[in-house]
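A closer look at the structure
Here is how the chains run, residue by residue.
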Amino acid sequence: MEEKLQKISESAVLEIEKADSLPALNEVRMAILGKKGELTAVLKGMKDVAPEDRPKVGQMVNETREKIESALEAKKTKLEAEALKKRYESEKIDVTIPGEVHKHGNLHPVTQVRNQLIDIFGSMGFEVYEGTEIETDHYNFTALNTPQDHPARDMQDTFYLSPEFLLRTQTSAGQIHVMEAKKPPIKIISPGKVFRSDDDATHSPMFTQMEGLVVDKGITLCDLKGMLDELVKKIFGEETTTRLRPSYFPFTEPSVEVDVSCFQCGGKGCSLCKGTGWIEVLGAGVVNNKVLQGCGIDTDVYSGFAFGIGIERIAMLKYGINNIKLLFESDLRVLDQIDD
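Everything numeric in this text was worked out from a predicted model, so none of it was measured.

1. Side note on the overall build of the chain
Helix and strand counts for the chain come out as eleven helices and nine strands. On C-alpha atoms alone, the chain measures out to a radius of gyration of 42 Å, which is more than a quarter above the 20 Å that the 2.2 N^0.38 rule sets for 340 residues. In terms of its C-alpha atoms, the chain occupies a principal-axis envelope of roughly 130 × 50 × 35 Å. Classification of the 340 residues of the chain by burial places 41% in the buried group. Contacts spanning at least 24 positions in sequence make up 65% of the contacts within the chain whose residues lie at least 6 apart. By element, 53% of the accessible surface of the chain is carried by carbon and sulfur atoms, the whole surface being about 19400 Å². Where the 41 positive side-chain charges of the chain centre and where its 54 negative ones centre are 6 Å apart.

Now the structure itself:
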């Protein structure tokens, strides 16, 4: 029995020394002192030992158990210390290392301009109307006094989904919905995506437009000019002015193209304004009486003006972007430079 206990003790000490982790050490403990362990088996066999030998054998078993437990505790203390040291090493922070610079995101240039325009018009009392991107031919063309043979209806310019439905080519369709649902006075802007079959350095098949509409008593072209003067000052600077040039749109009469004085050269002439001192920015005009009458508005009492702003156009001018595709490619080298 003494030899057996000696072998168990020596084997246990050897296995304890080999253990390189706390889980491995626990496996050694269970193999020796567990319910099915070697030393436990010896204790269970005490009933077979002669009564006169049991005190001596019991003492030897207890001594062996104490020796093994002492070795286990010492190894456990050592392994815990090593584990704690490794943890400290892994969590150690060298405060002398330069910090990492984390980039801060910013809104896309088109979103920035859209938000600026909404804030400016909001300060003038305009409400925001969000239209639908899929429209009927009636709202997109017919109700806006666009003749059946007008080039804008051609398949080359418009994305038709069916003979009746299409992707809207202008947010002007929103003004018809508003005038049908609401009686004057009306003062709304309608921002959103529009779609046209057009693609070059200054045009995209999908772009963002903002339609504006004011309908009330006594509205004239002078009211439009005054509102536009206030708008361009807040967008391009206090020294910026506007001029109106005659144009044609089916849904306005008279119609105008709106230019702003070049904010880069102050009107002297440069590459941005192509030496003219003026930059075209949007189209506008007094709402055609046929459009108002089609929405049930009495043109003997009410009149109005409307305008359409290409938001990408404003962003390109304001931030000096020469190709509209740069606004859609999400090149961070471009976007990082723009943050108002």
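Let's pick the thread back up.
2. Notes on the environment of Glu73
By the secondary structure assignment, Glu73 is in helix α4 (residues 54-91). Owing to a relative accessible area of 42%, Glu73 belongs among the partly exposed residues under this scheme. In this structure, the C-alpha to C-alpha distance between Glu73 and Leu213, residues 140 residues apart in sequence, is 85 Å.

3. A short note on the nonpolar core
Leu117, Phe121, Phe307 and Ile309 are the most contacted members of the largest nonpolar core, which totals 43 residues. Elements represented by at least two residues in this core include exactly α5 (109-123), β5 (206-216), α8 (221-236), β7 (252-261), β8 (278-287), β9 (303-310) and α10 (311-319). Those residues in contact with Phe307, other than ones at most four positions away along the chain, are Phe121, Phe126, Ile189, Met210, Glu211, Gly212, Leu213, Leu224, Met227, Leu282, Gly283 and Ala284.

4. Here's the deal with a nonpolar patch on the surface
A contiguous nonpolar surface patch, about 270 Å² in accessible area, is contributed by Ile134, Leu161 and Phe165. Among the secondary structure elements, Leu161 is positioned in the loop between α6 (137-140) and β3 (165-167). Look at Leu161 and you get partly exposed, because its relative accessible area is 49%.

5. Focus: α10
Think of an α-helix as turning once every 3.6 residues; residues three or four places apart then point the same way. With seven of nine residues buried, α10 is to be regarded as a mostly interior element. Lining the buried residues of α10 we find α5, β4 (186-195), β5, α8, β8 and β9. Note on α10: the residue one or two positions beyond its end, Gly320, has a positive phi of about 70 degrees.

6. Digging into the packing of aromatic side chains
We describe a pair of aromatic rings using the distance from one ring centre to the other and the angle between the two ring planes. The full count for this structure, using the stated rule, is six aromatic pairs. For the pair Phe236 and Phe263, a centre-to-centre distance of 4.5 Å together with 5 degrees between the ring planes defines the contact as stacked. You can see Phe236 sitting in helix α8 and its partner Phe263 sitting in the loop between β7 and β8, a full 27 residues away along the chain. Under the relative-accessibility criterion, Phe263 is labelled partly exposed at 26%. Taken together, the ring pairs in this structure connect Phe121, Phe126, Phe305 and Phe307 into an aromatic cluster.

7. Regarding the pattern of salt bridges
Enumeration according to the criterion identifies nine salt bridges in this entry. Ionic pairing is found between Glu91 and Arg87, a salt bridge with its closest N-O pair at 3.3 Å. Of the two residues, Glu91 and Arg87 are both situated in helix α4; the distance of four residues between them amounts to about one turn of the helix. Taking the relative accessible area as the measure of exposure, Glu91 reaches 47% and is therefore partly exposed. Look at Arg87 and you get partly exposed, because its relative accessible area is 48%. In this structure, Asp259 and Arg245 form a salt bridge, with 2.5 Å as the shortest nitrogen-oxygen distance. Of this pair, Asp259 sits in strand β7 while Arg245 sits in strand β6 (residues 242-249), and the two are 14 residues apart along the sequence. Classification of Asp259 by relative accessible area gives buried; the value is 2%. Among the charged side chains, a salt-bridge network with shared partners connects Arg243, Arg245, Asp259 and Glu280.

8. Digging into unusual backbone geometry
Cis geometry marks the peptide bond from Pro184 to Pro185, where omega comes out at 5 degrees. In this structure, Pro185 sits in the loop between α7 (173-181) and β4. A cis amide bond links Glu253 with the next residue in sequence, Pro254, at an omega value of 5 degrees. Following the sequence through the fold, Pro254 ends up in strand β7.

Reading the values: the criteria
Residues numbered from 1 in each chain as written. Predicted model: local features only at pLDDT ≥ 70, side-chain atom pairs only at ≥ 80, totals over all residues. Heavy atoms only, no water. Helix = DSSP H or I, 4+ residues; strand = E, 2+ residues; numbered from the N terminus. Rg over C-alpha atoms; globule rule 2.2 N^0.38 Å. Buried < 20%, exposed > 50% of the residue type's maximum accessible area, 1.4 Å probe, protein only. Contact = heavy atoms within 4.5 Å. Areas by Shrake-Rupley, 256 points an atom, 1.4 Å probe, with all protein chains shown as cover. Lys, Arg positive; Asp, Glu negative; His and termini not counted. Charge placed at Lys NZ, Arg CZ, Asp CG, Glu CD. Core = buried A, V, L, I, M, F, W, Y, C linked by side-chain atoms within 4.5 Å. Patch = residues over 30% accessible without salt bridge, like charges linked within 9 Å, V, L, I, M, F, W, Y side chains within 5 Å. Salt bridge = Lys/Arg side-chain N within 4 Å of Asp/Glu carboxyl O. Phe/Tyr/Trp six-rings, centres within 6.5 Å; stacked < 30°, edge-to-face > 60°.

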